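Each chain, written out:
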Amino acid sequence: MSRVKFEDMINFIEEVVERPNLFGGLDLEPLETYQGMDTSLGRNIKKPMATGDYRAFRLKGSDKVDKIAYGELHYMKRAKYCSMNMTAGDDYDLPIYACEFDESAKRLSITVDLMPVVDTAVYPEYRKKYLDPLADIWRKSRTIPGLTDEDGRCLVQRRYGPWPWARASMSHFPIDGRVPDSSLRTKIFEPVIEFAKVWLGLLENAEPMPEGDYKNEVLTRKRALQKYFRELDPGGEVLKKVVGHEAERLIVSLIF
Amino acid sequence: MAWTPYTDKMTEILKQLPLKEVESADGITVYESDKAEKVVVGSVTVGDELQYGMCTIIPKAEYVLPLFYSRWEERQDSITILVDIMPTVDDLVDEPYRFKYIEPMGESWDRFAKLAGICPEEDDDLRAACSIIYTGAKIPIEKDGMRLAALAPHTDYLKKYVEYMQGAEATGDQVKIKEVQRKIAAIRGIISDFVRRTQADKADQLCNLFL
(Lines give C-alpha, C1' and ligand atoms only; values in the text may rest on other atoms or scores of the structure.)
Protein backbone atom coordinates (compact mmCIF):
# COMPACT_ATOMS: atom_id res chain seq x y z
CA MET A 1 0.00 0.00 0.00
CA SER A 2 1.31 3.44 -0.84
CA ARG A 3 1.69 5.71 2.19
CA VAL A 4 -1.12 8.16 2.81
CA LYS A 5 -0.25 11.64 4.05
CA PHE A 6 -2.18 12.87 7.07
CA GLU A 7 -3.82 15.66 5.09
CA ASP A 8 -5.08 13.09 2.56
CA MET A 9 -6.61 10.80 5.17
CA ILE A 10 -10.35 10.33 5.16
CA ASN A 11 -12.53 12.85 6.96
CA PHE A 12 -14.73 10.12 8.32
CA ILE A 13 -17.55 12.18 9.80
CA GLU A 14 -17.75 14.39 6.74
CA GLU A 15 -17.93 11.36 4.44
CA VAL A 16 -20.33 9.13 6.34
CA VAL A 17 -22.46 11.55 8.36
CA GLU A 18 -22.47 15.01 6.81
CA ARG A 19 -22.22 14.43 3.07
CA PRO A 20 -24.94 11.72 2.92
CA ASN A 21 -27.00 13.69 5.49
CA LEU A 22 -27.30 10.45 7.42
CA PHE A 23 -29.47 11.82 10.20
CA GLY A 24 -31.39 14.24 8.03
CA GLY A 25 -34.81 12.83 8.85
CA LEU A 26 -34.29 12.69 12.61
CA ASP A 27 -34.97 15.30 15.26
CA LEU A 28 -31.77 14.82 17.25
CA GLU A 29 -30.83 16.79 20.32
CA PRO A 30 -27.40 16.81 21.99
CA LEU A 31 -26.93 14.62 25.05
CA GLU A 32 -25.49 16.90 27.75
CA THR A 33 -24.68 13.95 30.02
CA TYR A 34 -24.30 10.24 29.36
CA GLN A 35 -24.47 7.78 32.24
CA GLY A 36 -23.59 10.58 34.63
CA MET A 37 -20.66 11.85 32.55
CA ASP A 38 -20.42 15.37 31.17
CA THR A 39 -20.34 14.96 27.39
CA SER A 40 -18.60 18.32 26.89
CA LEU A 41 -15.39 16.47 27.82
CA GLY A 42 -15.51 14.88 24.39
CA ARG A 43 -15.93 18.11 22.45
CA ASN A 44 -13.11 20.06 20.85
CA ILE A 45 -10.37 17.97 22.42
CA LYS A 46 -7.02 19.69 22.21
CA LYS A 47 -4.23 17.78 23.92
CA PRO A 48 -0.47 17.70 23.23
CA MET A 49 -0.78 14.34 21.44
CA ALA A 50 -4.25 14.54 19.97
CA THR A 51 -7.13 16.65 18.81
CA GLY A 52 -10.65 15.46 18.30
CA ASP A 53 -14.34 15.82 18.75
CA TYR A 54 -16.95 13.33 19.98
CA ARG A 55 -20.63 14.14 20.01
CA ALA A 56 -23.66 12.32 21.33
CA PHE A 57 -27.33 12.75 20.63
CA ARG A 58 -30.70 11.39 21.57
CA LEU A 59 -34.01 11.46 19.75
CA LYS A 60 -36.04 14.46 20.90
CA GLY A 61 -39.10 13.45 22.89
CA SER A 62 -38.49 9.70 22.54
CA ASP A 63 -36.89 6.91 24.53
CA LYS A 64 -36.14 4.86 21.43
CA VAL A 65 -32.50 5.94 21.29
CA ASP A 66 -30.01 5.53 24.12
CA LYS A 67 -27.38 7.35 22.07
CA ILE A 68 -26.23 8.19 18.61
CA ALA A 69 -22.57 9.05 18.98
CA TYR A 70 -19.76 9.69 16.58
CA GLY A 71 -16.40 11.34 16.48
CA GLU A 72 -12.81 11.49 15.39
CA LEU A 73 -9.47 11.62 17.18
CA HIS A 74 -6.35 12.69 15.33
CA TYR A 75 -3.11 11.43 16.79
CA MET A 76 -0.06 13.66 16.35
CA LYS A 77 -0.99 14.35 12.74
CA ARG A 78 -0.09 10.74 12.00
CA ALA A 79 -3.28 8.73 12.34
CA LYS A 80 -7.02 9.00 12.76
CA TYR A 81 -9.28 6.96 14.97
CA CYS A 82 -12.96 7.41 14.15
CA SER A 83 -16.11 5.72 15.32
CA MET A 84 -19.85 5.78 15.28
CA ASN A 85 -22.30 3.99 17.53
CA MET A 86 -26.08 3.85 17.57
CA THR A 87 -27.69 2.13 20.52
CA ALA A 88 -31.42 1.84 21.12
CA GLY A 89 -33.03 2.46 24.49
CA ASP A 90 -33.34 -0.45 26.90
CA ASP A 91 -36.98 -1.07 26.00
CA TYR A 92 -35.98 -1.99 22.44
CA ASP A 93 -34.18 -5.05 21.11
CA LEU A 94 -32.51 -3.41 18.12
CA PRO A 95 -28.95 -4.56 17.46
CA ILE A 96 -26.17 -2.09 18.24
CA TYR A 97 -24.72 -0.30 15.24
CA ALA A 98 -20.99 -0.16 15.84
CA CYS A 99 -18.33 1.17 13.53
CA GLU A 100 -14.64 1.60 14.24
CA PHE A 101 -12.45 3.06 11.57
CA ASP A 102 -8.80 3.93 11.85
CA GLU A 103 -6.29 5.05 9.35
CA SER A 104 -2.55 5.54 9.43
CA ALA A 105 -0.03 6.11 6.64
CA LYS A 106 0.17 2.40 5.87
CA ARG A 107 -3.25 0.97 6.58
CA LEU A 108 -6.94 1.45 7.00
CA SER A 109 -8.80 -0.80 9.43
CA ILE A 110 -12.54 -1.10 9.58
CA THR A 111 -15.17 -2.84 11.63
CA VAL A 112 -18.84 -2.25 11.05
CA ASP A 113 -21.65 -4.43 12.28
CA LEU A 114 -25.11 -4.57 13.76
CA MET A 115 -24.25 -6.42 16.95
CA PRO A 116 -27.17 -8.57 18.05
CA VAL A 117 -28.51 -8.27 21.59
CA VAL A 118 -29.81 -11.84 21.56
CA ASP A 119 -28.27 -15.19 20.71
CA THR A 120 -29.25 -15.20 17.05
CA ALA A 121 -29.08 -18.98 16.68
CA VAL A 122 -32.00 -19.23 19.09
CA TYR A 123 -34.19 -16.48 17.62
CA PRO A 124 -34.85 -16.97 13.88
CA GLU A 125 -37.36 -14.10 13.84
CA TYR A 126 -34.66 -11.74 15.14
CA ARG A 127 -32.30 -12.80 12.35
CA LYS A 128 -35.00 -12.26 9.78
CA LYS A 129 -36.15 -8.89 11.06
CA TYR A 130 -32.90 -7.22 12.08
CA LEU A 131 -30.01 -8.92 10.32
CA ASP A 132 -31.17 -10.40 7.02
CA PRO A 133 -31.47 -6.87 5.56
CA LEU A 134 -27.65 -6.73 5.71
CA ALA A 135 -27.14 -9.80 3.52
CA ASP A 136 -26.79 -8.12 0.13
CA ILE A 137 -24.51 -5.31 1.22
CA TRP A 138 -22.40 -7.79 3.24
CA ARG A 139 -21.93 -10.05 0.22
CA LYS A 140 -20.92 -7.11 -1.91
CA SER A 141 -18.63 -5.48 0.66
CA ARG A 142 -16.77 -8.61 1.73
CA THR A 143 -15.14 -8.68 -1.70
CA ILE A 144 -13.41 -5.31 -1.14
CA PRO A 145 -9.68 -5.96 -1.53
CA GLY A 146 -8.24 -6.59 1.89
CA LEU A 147 -11.41 -8.20 3.18
CA THR A 148 -10.83 -10.72 0.42
CA ASP A 149 -7.14 -11.21 -0.32
CA GLU A 150 -5.33 -11.52 -3.63
CA ASP A 151 -5.71 -15.32 -3.57
CA GLY A 152 -9.48 -15.06 -3.17
CA ARG A 153 -9.55 -15.93 0.54
CA CYS A 154 -12.24 -13.99 2.35
CA LEU A 155 -11.15 -13.23 5.87
CA VAL A 156 -13.86 -11.08 7.40
CA GLN A 157 -13.88 -11.19 11.18
CA ARG A 158 -10.10 -11.24 11.35
CA ARG A 159 -9.37 -7.68 12.51
CA TYR A 160 -10.86 -8.65 15.86
CA GLY A 161 -8.96 -11.95 15.64
CA PRO A 162 -6.92 -11.51 18.83
CA TRP A 163 -10.01 -10.71 20.91
CA PRO A 164 -12.47 -13.63 21.07
CA TRP A 165 -14.89 -11.64 23.26
CA ALA A 166 -15.10 -9.04 20.49
CA ARG A 167 -15.71 -11.66 17.80
CA ALA A 168 -18.39 -13.26 19.96
CA SER A 169 -20.23 -9.93 20.04
CA MET A 170 -20.59 -9.74 16.28
CA SER A 171 -23.41 -10.73 14.00
CA HIS A 172 -23.04 -13.20 11.14
CA PHE A 173 -22.72 -10.22 8.75
CA PRO A 174 -19.57 -8.50 10.02
CA ILE A 175 -17.44 -6.25 7.91
CA ASP A 176 -14.13 -6.46 9.67
CA GLY A 177 -10.65 -6.23 8.28
CA ARG A 178 -7.97 -4.13 6.68
CA VAL A 179 -7.95 -2.42 3.32
CA PRO A 180 -4.42 -2.37 1.98
CA ASP A 181 -4.70 -0.29 -1.17
CA SER A 182 -5.05 3.43 -0.60
CA SER A 183 -6.80 3.91 -3.94
CA LEU A 184 -9.60 1.61 -2.71
CA ARG A 185 -10.09 3.14 0.72
CA THR A 186 -13.25 4.99 -0.15
CA LYS A 187 -15.06 1.77 -1.08
CA ILE A 188 -15.46 1.17 2.62
CA PHE A 189 -17.89 4.10 2.98
CA GLU A 190 -20.67 2.09 1.36
CA PRO A 191 -21.11 -0.59 4.05
CA VAL A 192 -20.58 1.98 6.81
CA ILE A 193 -23.42 4.11 5.45
CA GLU A 194 -25.67 1.27 4.29
CA PHE A 195 -25.47 -0.59 7.62
CA ALA A 196 -26.38 2.72 9.32
CA LYS A 197 -29.35 3.20 7.00
CA VAL A 198 -30.57 -0.31 7.81
CA TRP A 199 -30.36 0.48 11.54
CA LEU A 200 -32.18 3.78 11.12
CA GLY A 201 -34.91 2.02 9.13
CA LEU A 202 -35.31 -0.52 11.92
CA LEU A 203 -35.48 2.28 14.47
CA GLU A 204 -38.38 3.87 12.65
CA ASN A 205 -40.52 0.77 13.14
CA ALA A 206 -39.18 -0.25 16.55
CA GLU A 207 -41.70 -1.30 19.18
CA PRO A 208 -40.90 -1.62 22.89
CA MET A 209 -40.42 -5.12 24.30
CA PRO A 210 -42.84 -6.36 26.91
CA GLU A 211 -41.40 -7.04 30.35
CA GLY A 212 -40.35 -10.66 30.82
CA ASP A 213 -37.71 -13.29 30.16
CA TYR A 214 -36.93 -12.13 26.63
CA LYS A 215 -36.26 -8.56 27.76
CA ASN A 216 -34.08 -9.81 30.63
CA GLU A 217 -32.10 -11.90 28.16
CA VAL A 218 -31.63 -8.90 25.86
CA LEU A 219 -30.43 -6.65 28.66
CA THR A 220 -28.06 -9.30 30.04
CA ARG A 221 -26.38 -9.70 26.66
CA LYS A 222 -26.34 -5.96 26.00
CA ARG A 223 -24.67 -5.22 29.34
CA ALA A 224 -22.13 -8.02 28.80
CA LEU A 225 -21.27 -6.65 25.37
CA GLN A 226 -20.85 -3.08 26.63
CA LYS A 227 -18.80 -4.21 29.62
CA TYR A 228 -16.38 -6.15 27.43
CA PHE A 229 -15.74 -3.29 25.05
CA ARG A 230 -15.56 -0.61 27.75
CA GLU A 231 -13.21 -2.59 29.99
CA LEU A 232 -11.15 -4.68 27.61
CA ASP A 233 -10.80 -2.68 24.41
CA PRO A 234 -7.07 -2.60 23.72
CA GLY A 235 -7.31 1.03 22.54
CA GLY A 236 -8.52 2.14 25.95
CA GLU A 237 -5.10 2.39 27.59
CA VAL A 238 -3.68 4.41 24.71
CA LEU A 239 -6.72 6.68 24.80
CA LYS A 240 -6.28 7.22 28.54
CA LYS A 241 -2.72 8.42 28.00
CA VAL A 242 -3.73 10.69 25.16
CA VAL A 243 -6.89 12.36 26.48
CA GLY A 244 -6.86 11.59 30.21
CA HIS A 245 -8.90 9.22 32.33
CA GLU A 246 -12.20 11.11 32.45
CA ALA A 247 -12.40 11.84 28.75
CA GLU A 248 -11.36 8.25 28.00
CA ARG A 249 -14.21 6.89 30.16
CA LEU A 250 -16.67 9.12 28.34
CA ILE A 251 -15.42 8.37 24.81
CA VAL A 252 -15.28 4.61 25.40
CA SER A 253 -18.83 4.71 26.80
CA LEU A 254 -20.03 6.69 23.81
CA ILE A 255 -18.44 4.51 21.16
CA PHE A 256 -19.36 1.16 22.74
CA MET B 1 -13.23 -40.82 -9.18
CA ALA B 2 -11.35 -41.83 -6.02
CA TRP B 3 -13.15 -40.02 -3.23
CA THR B 4 -11.32 -38.82 -0.13
CA PRO B 5 -11.84 -41.33 2.72
CA TYR B 6 -13.83 -38.82 4.80
CA THR B 7 -15.94 -41.36 6.68
CA ASP B 8 -13.02 -43.70 7.45
CA LYS B 9 -10.80 -40.93 8.80
CA MET B 10 -13.57 -39.44 10.96
CA THR B 11 -14.61 -42.87 12.23
CA GLU B 12 -11.05 -43.65 13.33
CA ILE B 13 -11.19 -40.67 15.68
CA LEU B 14 -14.75 -41.30 16.83
CA LYS B 15 -13.73 -44.79 17.94
CA GLN B 16 -11.94 -43.17 20.91
CA LEU B 17 -15.43 -42.65 22.34
CA PRO B 18 -17.49 -45.46 23.86
CA LEU B 19 -19.79 -46.08 20.91
CA LYS B 20 -22.68 -48.46 20.44
CA GLU B 21 -23.88 -48.84 16.87
CA VAL B 22 -27.61 -48.24 16.56
CA GLU B 23 -28.14 -48.19 12.83
CA SER B 24 -26.13 -48.40 9.66
CA ALA B 25 -27.42 -47.88 6.17
CA ASP B 26 -26.22 -46.54 2.83
CA GLY B 27 -22.80 -45.52 4.13
CA ILE B 28 -24.10 -43.72 7.22
CA THR B 29 -23.67 -45.08 10.74
CA VAL B 30 -25.55 -43.92 13.81
CA TYR B 31 -24.11 -44.53 17.27
CA GLU B 32 -25.12 -43.93 20.85
CA SER B 33 -22.58 -42.81 23.40
CA ASP B 34 -22.61 -42.19 27.14
CA LYS B 35 -22.51 -38.38 26.84
CA ALA B 36 -24.12 -37.96 23.43
CA GLU B 37 -27.68 -38.40 22.22
CA LYS B 38 -26.32 -39.19 18.81
CA VAL B 39 -22.99 -39.65 17.05
CA VAL B 40 -23.39 -39.94 13.30
CA VAL B 41 -20.89 -40.16 10.48
CA GLY B 42 -21.14 -41.08 6.86
CA SER B 43 -21.27 -40.03 3.27
CA VAL B 44 -23.38 -40.51 0.20
CA THR B 45 -22.23 -40.23 -3.38
CA VAL B 46 -24.01 -39.00 -6.44
CA GLY B 47 -22.36 -40.85 -9.31
CA ASP B 48 -18.98 -39.40 -10.11
CA GLU B 49 -20.21 -35.89 -9.35
CA LEU B 50 -20.37 -35.53 -5.61
CA GLN B 51 -19.42 -37.08 -2.31
CA TYR B 52 -21.51 -35.51 0.48
CA GLY B 53 -20.21 -36.31 3.92
CA MET B 54 -21.41 -35.27 7.32
CA CYS B 55 -20.55 -35.92 10.93
CA THR B 56 -22.62 -34.69 13.87
CA ILE B 57 -22.26 -35.22 17.57
CA ILE B 58 -25.28 -34.07 19.53
CA PRO B 59 -24.37 -34.03 23.21
CA LYS B 60 -26.70 -34.82 26.08
CA ALA B 61 -27.73 -31.46 27.54
CA GLU B 62 -26.59 -32.22 31.08
CA TYR B 63 -22.96 -32.33 29.92
CA VAL B 64 -23.14 -28.70 28.68
CA LEU B 65 -20.93 -29.56 25.72
CA PRO B 66 -20.88 -27.83 22.33
CA LEU B 67 -22.30 -29.60 19.29
CA PHE B 68 -19.90 -30.96 16.69
CA TYR B 69 -20.80 -30.43 13.05
CA SER B 70 -18.81 -31.22 9.94
CA ARG B 71 -19.91 -31.02 6.32
CA TRP B 72 -17.95 -32.24 3.32
CA GLU B 73 -19.00 -31.59 -0.28
CA GLU B 74 -16.43 -33.07 -2.60
CA ARG B 75 -16.49 -32.55 -6.34
CA GLN B 76 -13.89 -33.24 -9.02
CA ASP B 77 -12.53 -29.71 -8.94
CA SER B 78 -13.39 -28.42 -5.48
CA ILE B 79 -14.29 -29.34 -1.92
CA THR B 80 -16.62 -27.16 0.11
CA ILE B 81 -16.24 -27.62 3.83
CA LEU B 82 -17.64 -26.44 7.11
CA VAL B 83 -16.44 -27.71 10.44
CA ASP B 84 -17.34 -26.26 13.79
CA ILE B 85 -17.71 -26.79 17.49
CA MET B 86 -21.00 -24.94 17.88
CA PRO B 87 -21.74 -23.32 21.21
CA THR B 88 -24.84 -24.64 22.94
CA VAL B 89 -25.12 -21.57 25.17
CA ASP B 90 -24.79 -17.84 24.49
CA ASP B 91 -21.02 -17.81 24.68
CA LEU B 92 -20.77 -14.02 24.72
CA VAL B 93 -22.53 -14.08 28.10
CA ASP B 94 -21.19 -17.41 29.40
CA GLU B 95 -17.52 -16.58 29.54
CA PRO B 96 -16.31 -19.76 31.34
CA TYR B 97 -17.92 -21.86 28.58
CA ARG B 98 -16.17 -19.82 25.91
CA PHE B 99 -12.84 -20.11 27.73
CA LYS B 100 -13.28 -23.87 28.11
CA TYR B 101 -14.55 -24.94 24.71
CA ILE B 102 -14.26 -22.20 22.11
CA GLU B 103 -11.14 -20.14 22.74
CA PRO B 104 -8.78 -23.16 22.87
CA MET B 105 -9.68 -23.72 19.20
CA GLY B 106 -8.24 -20.31 18.27
CA GLU B 107 -4.89 -21.77 17.29
CA SER B 108 -6.56 -24.18 14.82
CA TRP B 109 -8.78 -21.37 13.50
CA ASP B 110 -5.70 -19.27 12.79
CA ARG B 111 -3.78 -22.13 11.23
CA PHE B 112 -6.56 -23.16 8.84
CA ALA B 113 -7.07 -19.56 7.75
CA LYS B 114 -4.10 -20.25 5.49
CA LEU B 115 -6.06 -22.88 3.53
CA ALA B 116 -6.72 -21.99 -0.08
CA GLY B 117 -10.34 -20.96 -0.62
CA ILE B 118 -11.06 -20.02 2.97
CA CYS B 119 -14.31 -18.07 3.11
CA PRO B 120 -17.36 -17.53 5.30
CA GLU B 121 -20.04 -20.22 5.32
CA GLU B 122 -22.40 -19.10 2.57
CA ASP B 123 -25.69 -20.01 4.25
CA ASP B 124 -26.74 -17.08 6.46
CA ASP B 125 -28.77 -19.05 9.01
CA LEU B 126 -26.16 -21.75 9.35
CA ARG B 127 -23.48 -19.11 9.85
CA ALA B 128 -25.57 -17.62 12.68
CA ALA B 129 -25.27 -20.92 14.53
CA CYS B 130 -21.52 -21.13 14.02
CA SER B 131 -18.96 -20.33 16.67
CA ILE B 132 -16.26 -17.71 16.35
CA ILE B 133 -13.77 -20.44 15.43
CA TYR B 134 -15.53 -22.25 12.59
CA THR B 135 -13.59 -23.12 9.47
CA GLY B 136 -15.35 -22.80 6.16
CA ALA B 137 -13.82 -22.95 2.70
CA LYS B 138 -14.34 -23.76 -0.93
CA ILE B 139 -11.03 -25.34 -1.75
CA PRO B 140 -10.00 -25.60 -5.38
CA ILE B 141 -8.44 -28.97 -6.09
CA GLU B 142 -5.37 -28.31 -8.16
CA LYS B 143 -3.44 -31.38 -6.96
CA ASP B 144 -4.37 -34.50 -5.01
CA GLY B 145 -2.63 -33.40 -1.79
CA MET B 146 -5.24 -30.70 -1.47
CA ARG B 147 -7.97 -33.26 -0.76
CA LEU B 148 -6.18 -34.38 2.38
CA ALA B 149 -5.42 -30.76 3.27
CA ALA B 150 -9.17 -30.10 3.12
CA LEU B 151 -9.77 -33.00 5.50
CA ALA B 152 -7.29 -31.72 8.09
CA PRO B 153 -9.61 -29.18 9.78
CA HIS B 154 -12.29 -31.86 10.22
CA THR B 155 -9.99 -34.34 11.92
CA ASP B 156 -8.30 -31.61 13.97
CA TYR B 157 -11.60 -30.20 15.32
CA LEU B 158 -12.99 -33.70 15.91
CA LYS B 159 -9.93 -34.78 17.92
CA LYS B 160 -10.35 -31.72 20.13
CA TYR B 161 -14.07 -32.36 20.49
CA VAL B 162 -13.46 -35.97 21.54
CA GLU B 163 -11.12 -34.67 24.26
CA TYR B 164 -13.84 -32.26 25.40
CA MET B 165 -16.34 -35.08 25.54
CA GLN B 166 -14.02 -37.36 27.46
CA GLY B 167 -13.46 -34.66 30.09
CA ALA B 168 -17.08 -33.52 30.43
CA GLU B 169 -19.03 -34.05 33.63
CA ALA B 170 -22.77 -33.77 34.08
CA THR B 171 -24.23 -30.68 35.73
CA GLY B 172 -27.23 -30.54 38.02
CA ASP B 173 -27.93 -26.90 37.08
CA GLN B 174 -31.43 -27.16 35.63
CA VAL B 175 -31.40 -23.58 34.29
CA LYS B 176 -28.22 -24.30 32.31
CA ILE B 177 -29.62 -27.63 31.08
CA LYS B 178 -32.73 -25.85 29.78
CA GLU B 179 -30.59 -23.24 28.04
CA VAL B 180 -28.55 -25.97 26.36
CA GLN B 181 -31.67 -27.94 25.36
CA ARG B 182 -33.17 -24.83 23.79
CA LYS B 183 -30.05 -24.06 21.80
CA ILE B 184 -29.47 -27.65 20.67
CA ALA B 185 -33.05 -27.70 19.37
CA ALA B 186 -32.44 -24.39 17.55
CA ILE B 187 -29.21 -25.64 15.94
CA ARG B 188 -30.85 -28.90 14.89
CA GLY B 189 -33.59 -26.84 13.24
CA ILE B 190 -31.08 -24.65 11.43
CA ILE B 191 -29.06 -27.61 10.12
CA SER B 192 -32.24 -29.48 9.10
CA ASP B 193 -33.49 -26.46 7.18
CA PHE B 194 -30.12 -26.14 5.50
CA VAL B 195 -30.08 -29.82 4.47
CA ARG B 196 -33.64 -29.52 3.14
CA ARG B 197 -32.69 -26.46 1.11
CA THR B 198 -29.53 -27.97 -0.35
CA GLN B 199 -30.04 -31.74 -0.52
CA ALA B 200 -33.68 -31.99 -1.51
CA ASP B 201 -33.48 -35.55 -2.86
CA LYS B 202 -32.01 -37.09 0.26
CA ALA B 203 -33.06 -34.49 2.82
CA ASP B 204 -35.44 -36.66 4.84
CA GLN B 205 -32.97 -39.51 5.09
CA LEU B 206 -30.08 -37.22 6.03
CA CYS B 207 -32.09 -35.25 8.60
CA ASN B 208 -33.49 -38.38 10.23
CA LEU B 209 -30.12 -40.02 10.54
CA PHE B 210 -27.82 -37.09 11.34
CA LEU B 211 -30.09 -34.94 13.46
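Refer to the structure printed above.
What you are looking at is a predicted structure, and each value in this text was computed from that prediction instead of being measured. (Residues numbered from 1 in each chain as written. Chains lettered and ligands numbered in written order. Predicted model: local features only at pLDDT ≥ 70, side-chain atom pairs only at ≥ 80, totals over all residues. Heavy atoms only, no water.)

1. Side note on the layout of surface pockets
- Reported here for the largest pocket is a volume of approximately 540 Å³.
- Every residue lining the largest pocket is counted, 26 residues in all, and those nearest its centre are Tyr81, Asp102, Arg107, Arg159 and Gly235 of chain A.
- Elements with a contribution of two residues or more to the lining of the largest pocket: β7 (79-88), β8 (96-103), α4 (164-168), α7 (235-243) and α8 (245-255) of chain A.
- The calculated volume of the second largest pocket comes to roughly 470 Å³.
- Forming the boundary of the second largest pocket are 18 residues, of which Glu217 of chain A together with Asp90, Val175, Glu179 and Arg182 of chain B lie nearest the centre.
- Elements that contribute at least two residues to the lining of the second largest pocket include exactly α6 (213-232) of chain A together with α6 (174-198) of chain B. (1 Å grid on protein atoms, 1.4 Å probe; cavity = no way out; pocket = protein on both sides within 12 Å on 5 of 7 lines; lining within 4 Å. Points joined across faces, edges and corners; volume = space filled by probe spheres on them. Helix = DSSP H or I, 4+ residues; strand = E, 2+ residues; numbered from the N terminus.)

2. Here we look at the pattern of salt bridges
- Counting across every chain of the model gives 36 salt bridges over all chains.
- A salt bridge links Lys240 of chain A to Glu237 of chain A; its shortest N-O distance comes to 3.2 Å. Pair noted here: Lys240 of chain A and Glu237 of chain A are both in helix α7, with a separation of three residues, about one helical turn.
- Owing to a relative accessible area of 29%, Lys240 of chain A belongs among the partly exposed residues under this scheme.
- For Glu163 of chain B, the salt bridge identified is with Lys160 of chain B, shortest N-O distance 3.8 Å. Pair noted here: Glu163 of chain B and Lys160 of chain B are both in helix α5 (residues 145-167), with a separation of three residues, about one helical turn.
- Since its relative accessible area comes to 47%, Glu163 of chain B is described here as partly exposed.
- Of the residues examined, Lys160 of chain B reaches a relative accessible area of 26% and is grouped as partly exposed.
- A single network of salt bridges, built from pairs that share partners, joins Arg139 and Arg142 of chain A together with Glu122, Asp124 and Arg127 of chain B. (Salt bridge = Lys/Arg side-chain N within 4 Å of Asp/Glu carboxyl O. Buried < 20%, exposed > 50% of the residue type's maximum accessible area, 1.4 Å probe, protein only.)

3. Concerning the interface of chain B and chain A
- Contacts between chain B and chain A engage 30 residues on the former and 31 residues on the latter.
- Among the residues chain B hides against chain A, the three largest losses belong to Leu92, Trp109 and Ile132 of chain B. Together they make up 25% of the total.
- Summed over the shared surface of chain B and chain A, the result is seven salt bridges.
- For the salt bridge of Glu122 of chain B with Arg139 of chain A, the shortest nitrogen-to-oxygen distance reads 2.7 Å.
- The tally of links from chain B across to chain A stands at 16 residue pairs in polar contact (both at pLDDT 80 or more).
- Counting residues per element, the ones that place at least two in the side of chain B that touches chain A are α2 (95-102), α3 (106-112), α4 (124-129) and α6 of chain B.
- Ranked by the residues each element gives to the side of chain B that touches chain A, the list is headed by α4 of chain B, at five residues.
- Along the lines of polarity and charge, the residues of the side of chain B that touches chain A split into 16 nonpolar, one polar and 13 charged. (Contact = heavy atoms within 4.5 Å. Buried area = accessible area lost by both parts, 1.4 Å probe. Polar contact = N/O pair within 3.5 Å; in protein donor to acceptor, adjacent residues only side chain to side chain. Nonpolar A, V, L, I, M, F, W, Y, C, P; charged D, E, K, R; others polar.)

4. What to know about the sheet that holds strand β6 (residues 78-86) of chain B
All names here are of chain B.
- On the basis of which strands lie adjacent, the open sheet formed by seven strands has the order β1-β2-β3-β4-β5-β6-β7 and antiparallel pairing. Lying at the two open borders of the sheet, with one neighbouring strand each, are β1 (19-25) and β7 (135-140). With direction set aside, neighbouring strand axes in the sheet form an average angle of 10°.
- Lying on the sheet, helix α1 (residues 6-14) is in contact with β1, β2 (28-33), β3 (36-46), β4 (50-59) and β5 (67-74); it crosses β3 at an angle near 165°. (Pairing = 2+ DSSP bridges. Axes fitted to C-alpha atoms, helices over the stretch in contact; angles between N-to-C directions.)

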